[in-house]
Amino acid sequence: MLNAVMFTSCKKHFNSSITAEGKDGIQPFSFNWETVDWMPTPAVVGQSLINPPWIGQGSITSIYGIDVVNDHKASDGWVLVYNTFNPNSPGPLQNPYFILYNKYRGLMRIYFYVTSPISNNSDYLVDGLTASTTGTTSLLNFLGNDIVDVSQNQLSYSQIEPGPPDGSAPLATRKWYMLQYELAYDPNIANTNYNNIQLSWYTNYNSISKISLGGPLIGSVNGTVGSSTSNINSSLLNGVDVVTTAGLSLAGSSAVNNASGNFSGVNPIVGPDGTITAYTPTTMNNKLGLSNETFTALQKGLNSAFSAATGNIPGAVAGLLSAIIGGSSSAQTVSLTLNAKLQLDGTSASRGSFPASPASVYVPGTIIDPIAAQGYIPLYANSLGIFNLSSKPIVNVNTTSIKVNQNGGTYYQYNNLYTVNTSSINYLWNSTVINSTSTGASIKNLKTEVVLIDPDLSANPVIGGNIGIIGTHTVITGSSVGTTYTVPRVQPRNNYVAVRITFDVVPNNGTTPKSTIIKTFLANLVNN
């Protein structure tokens, strides 16, 4: 065991000027996470040195690509929100964590280090985030959804994290874990008392032998798969008996690039009673569990989006509905969500909770009384999230029809033109970020597009717009979208529409790279 003298002499790690300032609420210990050689830990018997999460023993490089690992610079918008590492602790730290938040991208990352022994054999980490509130909030509405319904607030979210691609055990003591969540802006947070809402997260472990996201079942989870808590828990308990809607979230460009190749999978054969009777082998072009067609479309959409972000090419996001591209000075990076159909197999072998789970914190931006508040109060006091919409947008459809002679008979030709009602879009911008100050940012290249979801193609309509596959959906997108049906009687109805919003967040300091945000919102269809 290293003695106290070695602890003192080896450390170059923190800004010791931050104190609690005599307040009852505990001010987390602040430190420079970019430059530390060792995390701030006390010089006490039983406390080992802990390296930062992006280098050294137990680092997150076993899970994430180098673009994600190196994406933590304060100059790129990352701020320290919470931290339980503390050199002044009277005893050894138990499962400490710290939380970073990117104010220009709306991403929150929880980095936690496991010190407690883990003896269970299990395959994957399952984590979740809950807004525990006396009312409601839209803060979690962007999680796991590539098409957001602003009329339905989501208060809980769970996700299955990917396993290490290098073959190392996913669960271990003295190991770092990172949880990422994309947060939506809720203007009501600024008027909410800290006692009326908390963010709570948990970390469990679970065994999963096979997973499908619309393609064949494969033997490993290679992307973060999330949905509402009830949907994920039902799948974990019941396996292939449940097919539920989920979101595949990918952090880092390598998450897609490294998933490409020739891989083996199986298609389950299900008996009359719903149980699997056998498997038939098959091959696939990805190891994410997506169908071959869906993965090819995802690759194409991501490559187009990277080209657009780099070269300022407008409109090159046809294959994506939800993504954050760029914003890092280290490398081109992305965080995206794709809708999928989730099936799991072999889920009941080992289940349990991580040590010291769940944990909860006050929500930054709420009205916090630093004297009355108990426990840690946030170092970052502003509201989270970049933007939101206050209500569903409207897509107008204009339909005209004429009689035509075709195939020796009389047919009806219906011409439908779908357009975005831009005056119906009520943006909610987070003014603590989107402002004219040197630390703020500006919104540029704002664009809206129609997304016609799963249109009826049985009558072979003439399409005006870009048609393609995004996740489980066939979509037609464009600044306006047209469909022309020539049918004997009534045309098919297409009522499932959304509005895709794309814009750049450009920091005013002139040095931080811009972020391109793509977000799609379910819309009301109104005849015009």
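Further up the page is the structure itself.
Residues numbered from 1 in each chain as written. Predicted model: local features only at pLDDT ≥ 70, side-chain atom pairs only at ≥ 80, totals over all residues. Heavy atoms only, no water.

Asks: What is the right way to read the nonpolar core from this model?
Replies: One broad trend across soluble globular proteins is that nonpolar side chains are buried collectively. The biggest cluster of nonpolar side chains holds 89 residues, and the ones touching the most others in it are Phe-98, Met-108, Leu-129, Trp-176, Tyr-181, Leu-199 and Trp-201. It is strand 3 (residues 107-114) that contributes the most residues to this core, seven residues altogether. Apart from residues lying up to four places away in sequence, Leu-199 is in contact with Met-108, Leu-129, Thr-130, Ala-131, Leu-139, Leu-140, Ala-359, Ser-360, Val-361 and Val-363. Within the second largest apolar cluster, 41 residues are counted, among which are Leu-213, Val-225, Ala-323 and Ile-470. (Core = buried A, V, L, I, M, F, W, Y, C linked by side-chain atoms within 4.5 Å. Buried < 20%, exposed > 50% of the residue type's maximum accessible area, 1.4 Å probe, protein only. Helix = DSSP H or I, 4+ residues; strand = E, 2+ residues; numbered from the N terminus. Contact = heavy atoms within 4.5 Å.)

Asks: Would you take a moment to explain the sheet that holds strand 2 (residues 97-102) for this structure?
Replies: Working definition: the strands of a sheet are paired by backbone hydrogen bonds and lie parallel or antiparallel to each other. Strand order in the open sheet formed by four strands is 1-2-3-6, with antiparallel pairing between adjacent strands. The sheet is open, and its two borders are formed by strand 1 (78-83) and strand 6 (175-182), each paired with just one other strand. Within the sheet, the average angular offset between the axes of one strand and its neighbour, ignoring direction, is 20°. Where strand 3 and strand 6 come together, eight bridges link them in antiparallel fashion. What sits directly across from Phe-112, in strand 6, is Tyr-177. (Pairing = 2+ DSSP bridges. Axes fitted to C-alpha atoms, helices over the stretch in contact; angles between N-to-C directions.)

Asks: So what exactly am I meant to see when it comes to the side chain of Thr-294 here?
Replies: When you line up the elements, Thr-294 lands in helix 5 (residues 292-311). Taking relative accessible area as the criterion, Thr-294 reaches 9% and is therefore assigned buried. For Thr-294, the side chain forms a polar contact with the main-chain oxygen of Gly-471, separated by 3.2 Å. If we skip the residues at most four places from it in the chain, Thr-294 touches Leu-338, Ile-469 and Gly-471. (Polar contact = N/O pair within 3.5 Å; in protein donor to acceptor, adjacent residues only side chain to side chain.)

Asks: Even after reading the chapter, I still don't get the packing of aromatic side chains, so can you show me in this structure?
Replies: Aromatic rings in a pair are described by how distant their centres are and how their planes are angled relative to each other. One pass over the full model with this rule turns up 20 aromatic pairs. When the centroid spacing of 5.3 Å and the interplanar angle of 90° are considered together, the rings of Trp-54 and Tyr-111 count as edge-to-face. Of this pair, Trp-54 sits in the loop between helix 1 (4-10) and helix 2 (66-69) while Tyr-111 is found in strand 3, placing the two residues 57 residues apart along the sequence. In this structure, Trp-54 and Tyr-111 share a single accessibility class: buried. Each ring, one from Tyr-427 and one from Trp-429, has its centre 5.3 Å from the other, and the planes form 15°; the classification is stacked. Given a relative accessible area of 26%, Trp-429 falls into the partly exposed group. Its guanidinium or amino end placed over the ring of Tyr-177, Lys-175 lies 5.8 Å from that ring's centre, counting from NZ or CZ. (Phe/Tyr/Trp six-rings, centres within 6.5 Å; stacked < 30°, edge-to-face > 60°. Lys NZ or Arg CZ within 6 Å of the ring centre and 35° of its normal.)

Asks: Can you help me understand empty space enclosed by the protein in this one?
Replies: By rolling a water-sized probe across the atoms, one finds the places where empty space is left. A full pass over the atoms with the stated rule returns three cavities of 30 Å³ or more. What lines the largest cavity is a set of 15 residues, and nearest its centre among them are Ile-63, Leu-125, Glu-161, Pro-162 and Tyr-177. Among the elements of the structure, strand 4 (124-133) and strand 6 are those that each provide at least two residues to the lining of the largest cavity. By residue number, the principal contributor to the lining of the largest cavity is strand 6, which donates four residues. Here the lining of the largest cavity is built from residues that sort into 11 nonpolar, two polar and two charged. Quantified by volume, the second largest cavity comes out at close to 50 Å³. Considering the residues around the second largest cavity, the lining is formed by Val-81, Tyr-82, Ile-99, Met-108, Leu-199, Trp-201, Val-361, Pro-364 and Leu-384. Every element with two or more residues in the lining of the second largest cavity is listed here: strand 1 and strand 7 (197-206). (1 Å grid on protein atoms, 1.4 Å probe; cavity = no way out; pocket = protein on both sides within 12 Å on 5 of 7 lines; lining within 4 Å. Points joined across faces, edges and corners; volume = space filled by probe spheres on them. Nonpolar A, V, L, I, M, F, W, Y, C, P; charged D, E, K, R; others polar.)

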